[in-house]
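# Observations on chain architecture
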Amino acid sequence: MQRNIAEFGGDPDNVTLFGESAGANAVTTLMTTPAAKGLFARAISESSAPGLVTTAERAAHWASDYITLLGAEPGTAAEALGSSPVGALGRTGNRLGAKVLSETPGLHPFGPVIDGDFLPKPPLDAFADGSAHRVPLIIGTNAREGTLFPKLLDALPTDPDRIGRMFALTDPDAEARVTAAYPGYPEPDAAVDLGGDLTFWKPSIELAQAHSEYAPTYSYRFDFAPRAMKWLGLGATHGFELFAVFDIADSLIGRGLTFPGGRRGLKGVTDTVQRHWLHFASQGTPLASWPRYDTDRRATLVFDTVTTVQDDPRRERRLAWEGYEGYYGQGL
């Protein structure tokens with residue numbers, strides 16, 4: 001990227017790394033990868049799940065399970081992977097994901113591995129101790145991250161059974177405290193929001209507060225959702241901010257989703273997001289209307305029909321999650 005960007009009219013000394021979801025996980029992971037030092041000047045992380053990394057031991061266990069589910073004999077992994085049809089590999093991945101979700105809700109078998117070299121430690125630990133690359137960072141999540149997953153990609157603990165099992169395996173004392181921060185729990189909407197927050201919002205807030213001690217950090221929440229997204233029970237779900245980042249309002253899907261209402265709002269929030277992203281990429285800061293994040297004020301830019309700065313939004317939820325370390329707190 002840095003070697004080739006000049007061919008596209010870019011500045012090798014002014015590279016902004018950005019991504020969403022798994023791409024955002026790559027961003028926050030690369031910020032803690034020693035080999036990536038100096039390769040980018042700033043970063044944007046949209047809905048990262050920075051806690052979805054795993055130990056080498058657990059990764060080896062999952063790899064063994066994958067080969068077994070593929071129907072291969074022990075010791076024949078390389079041959080089986082090379083000769084199996086692509087469709088079979090994908091279906092086996094889905095089966096492994098379902099197995100991990102059932103056995104250890106909250107973990108995911110596909111992601112970065114802490115190998116002690118390329119990735120020396122969990123990224124959240126690196127941000128906490130200051131060993132992450134100290135570049136300016138925009139980081140945030142969407143208002144209702146979890147709603148997409150039960151409908152399209154069942155991969156998170158978004159129902160009371162999975163949530164209860166997760167707490168039983170990790171920190172039973174935290175369950176009552178955390179669930180009380182979600183009014184209506186164990187109703188489905190509350191459970192879905194809890195699972196989304198666990199995966200995306202909670203670790204992103206922890207990362208922002210840690211990184212803000214060492215480098216300029218800007219926190220956001222994307223709340224805008226047109227009427228159709230609300231009718232579908234999705235709201236501002238995982239990935240929806242991409243409609244603003246890439247100006248998808250005029251695409252076929254953008255027009256369809258805003259046909260019942262919200263087209264003007266989507267165009268407006270698109271303009272706001274893009275102006276902040278582009279100013280950050282070119283100048284190293286978003287526009288002046290977006291204050292830096294720190295642990296005193298916790299200023300957060302909330303993108304919506306009317307975009308505002310809110311201090312410590314969802315404070316009750318943040319405090320309820322404090323101290324919960326998940327599976328890593330159990331040394332797993």
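The preceding data block contains the structure.
Residues numbered from 1 in each chain as written. Predicted model: local features only at pLDDT ≥ 70, side-chain atom pairs only at ≥ 80, totals over all residues. Heavy atoms only, no water.

## Looking at empty space enclosed by the protein
As a reminder, the rule being used: Think of a 1 Å grid over the protein atoms and nothing else: a 1.4 Å probe that fits but is trapped marks a cavity, an open set flanked by protein within 12 Å on at least five of seven lines marks a pocket, and residues with an atom within 4 Å of a point count as lining. Grid points are joined across faces, edges and corners, and a volume is the space filled by probe spheres set on the points. Under the DSSP-based scheme used, a helix requires at least four consecutive residues in state H or I and a strand at least two consecutive residues in state E, with every element numbered from the N terminus.
According to the stated counting rule, one finds 3 cavities of 30 Å³ or more in the structure shown. The volume enclosed by the largest cavity comes to roughly 80 Å³. Considering the residues around the largest cavity, the lining is formed by Ile139, Gly140, Thr141, Trp201, Ser204, Ile205, Ser219, Tyr220, Arg221, Thr300, Pro313 and Arg314. Contributions of two or more residues to the lining of the largest cavity are made by β5 (137-142), α9 (188-211) and β6 (217-222).

## A closer look at the side chain of Thr29
Here is the rule: Note on exposure labels: buried denotes an accessible area under 20% of the residue type's maximum, exposed denotes more than 50%, and partly exposed covers the range between, all computed with a 1.4 Å probe on protein chains only. Contacts were defined at the residue level, with two residues in contact if any of their heavy atoms lie within 4.5 Å.
Assignment of secondary structure puts Thr29 in helix α1 (residues 22-30). Residue class for Thr29 comes out buried when judged on its relative accessible area of 8%. Ignoring any residue separated from it by four or fewer positions in sequence, one finds Thr29 in contact with Val53, Pro112, Leu119 and Pro123.

## Structural notes on the pairing of β6
Where a strand is regular, its side chains alternate between the two sheet faces. The following threshold applies: Any two strands are treated as partners once DSSP identifies two or more bridges connecting them.
With 6 of its 6 residues buried, β6 lies for the most part within the structure. Taken together, the 4 bridges between β6 and strand β7 (residues 299-303) define a ladder with parallel strand orientation. Bridge assignment links Phe222 to a residue of β7, and that residue is Phe303.

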